[in-house]
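# Commentary on secondary and tertiary structure
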Amino acid sequence: AVGGMPVQYAVSAGAGPWGPALPLYIGVALLASLAAVIYVNLLPRLKALWLNVKLPFWARAALAGALVGVVGIWLPDVFGTGLSQMKSIFAGTGYPFAMLIALLLAKIILTPNSLGAGFVGGVIGPALLIGSALGAAYGDVVAQALPGVHVSPTAFAMVATAAMLAGTFHAPLFGAMMIFEMCSDYGMLFPLMLGAAIGYVVARRFQPGSAYTFTFPGLGIHLEPGTFTVRIDEHD
């Protein structure tokens, strides 16, 4: 507001009153939480799997890259970080339902697979795409099943993305506020905060760590509740 920057994404057709749609927001947040759990748990598992492959480092990376290339023949949107696709979804671009499901499944598997094989890259962009694609697909289902509920699929995409970020990185304020800054719609603030809280609580229950700390237990480092409390195992 101070700098005069326009809102990046308007929630098309409005988010509507969040009260009647609250159970639907909770539903999409729970689905995004499960997606975050799968995403983060695949990171160490696929890394361990690739370490057992008896191939040179460059060959493992080439094989993982070839797999992405094959999938990309039929699903080109799987290439890249996922940010451009997320922006399109938030802008209201209508993707076919089957493409949204294929895109989120491909990204949730191929990103940990590529990182485990030796690629160097981030995990925030793919998480944004997974959450937005899942939320948009959920919104399509709601629009078909409950035509009387006037909630934009974009609103569900934003809530799902907030939950996905909070669950993936164990950072609920980051998840909620990052998406809120994109839309600056105070009508969306409570659904975003609720989605992020659900994502965080569910993920903490089923994940050994966040996307940034999942390797700590294997290194003998255990994060414990409290302010900057860390327990380090001593090895001979």
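Placed above this text is the structure.
Here the structure is a predicted model, which is why all the values come from computation and not from measurement. (Residues numbered from 1 in each chain as written. Predicted model: local features only at pLDDT ≥ 70, side-chain atom pairs only at ≥ 80, totals over all residues. Heavy atoms only, no water.)

### Quick word on the side chain of S132
- Topologically, S132 is positioned in helix α5 (residues 124-145).
- On the accessibility criterion, S132 (0% relative accessible area) is buried.
- At 2.9 Å, the side chain of S132 forms a polar contact with the backbone oxygen of L128.
- Residues within four places of S132 in sequence aside, it is in contact with M86, I89, F90, A157 and T161. (Helix = DSSP H or I, 4+ residues; strand = E, 2+ residues; numbered from the N terminus. Buried < 20%, exposed > 50% of the residue type's maximum accessible area, 1.4 Å probe, protein only. Polar contact = N/O pair within 3.5 Å; in protein donor to acceptor, adjacent residues only side chain to side chain. Contact = heavy atoms within 4.5 Å.)

### Quick notes on the side chain of T161
- Here T161 is to be found in helix α6 (residues 153-169).
- Since its relative accessible area comes to 0%, T161 is described here as buried.
- A polar side-chain atom of T161 sits 3.1 Å from the main-chain amide nitrogen of S132.
- When sequence neighbours within four positions are dropped, the list of residues in contact with T161 reads F90, L128, G131, S132 and I179.

### Some words on the packing of aromatic side chains
- The tally for this structure, following the rule as stated, stands at three aromatic pairs.
- Aromatic side chains Y25 and F156 sit 5.3 Å apart centroid to centroid with 50° between the ring planes, which places their arrangement in the tilted category. Taken together, the residues span a long stretch of sequence, with Y25 in helix α1 (residues 22-51) and F156 in helix α6 at a distance of 131 residues.
- Judged by its relative accessible area of 1%, Y25 falls in the buried class.
- Between Y138 and F156, the aromatic rings sit 5.2 Å apart at their centres with planes inclined by 70°, giving edge-to-face as the arrangement. With Y138 in helix α5 and F156 in helix α6, the pair connects residues that are 18 residues apart, well separated along the chain. (Phe/Tyr/Trp six-rings, centres within 6.5 Å; stacked < 30°, edge-to-face > 60°.)

### Describing the packing of helix α7 (residues 172-183) against helix α8 (residues 189-206)
- The N-to-C vectors of α7 and α8 enclose an angle of 150°; their axes lie 8 Å apart at closest approach. Viewed along their axes, α7 and α8 adopt a mutual orientation that is roughly antiparallel. Pair α7 / α8 crosses with right-handed handedness. Listed contacts from α8 to P172, A176, M177, I179, F180 and C183 of α7 are L189, L192, M193, A196 and Y200.
- Class assignment of the residues belonging to the contact of α7 with α8 gives a composition of 11 nonpolar, no polar and no charged. (Axes fitted to C-alpha atoms, helices over the stretch in contact; angles between N-to-C directions. Parallel < 35°, antiparallel > 145°, perpendicular 65-115°, else oblique. Left-handed = near helix turned anticlockwise from the far one by under 90°. Nonpolar A, V, L, I, M, F, W, Y, C, P; charged D, E, K, R; others polar.)

### Here's the deal with the nonpolar core
- Membership of the largest hydrophobic core comes to 56 residues, with the highest contact counts inside it found for Y25, I89, F90, F156, I179, M188 and L192.
- Every element with two or more residues in this core is listed here: α1, α3 (83-90), α4 (97-117), α5, α6, α7 and α8.
- Element by element, the count of residues in this core is highest for α6, at 11 residues.
- When near neighbours in sequence (up to four residues on either side) are disregarded, I179 contacts F90, L128, M158, T161, A162, L165 and L192. (Core = buried A, V, L, I, M, F, W, Y, C linked by side-chain atoms within 4.5 Å.)

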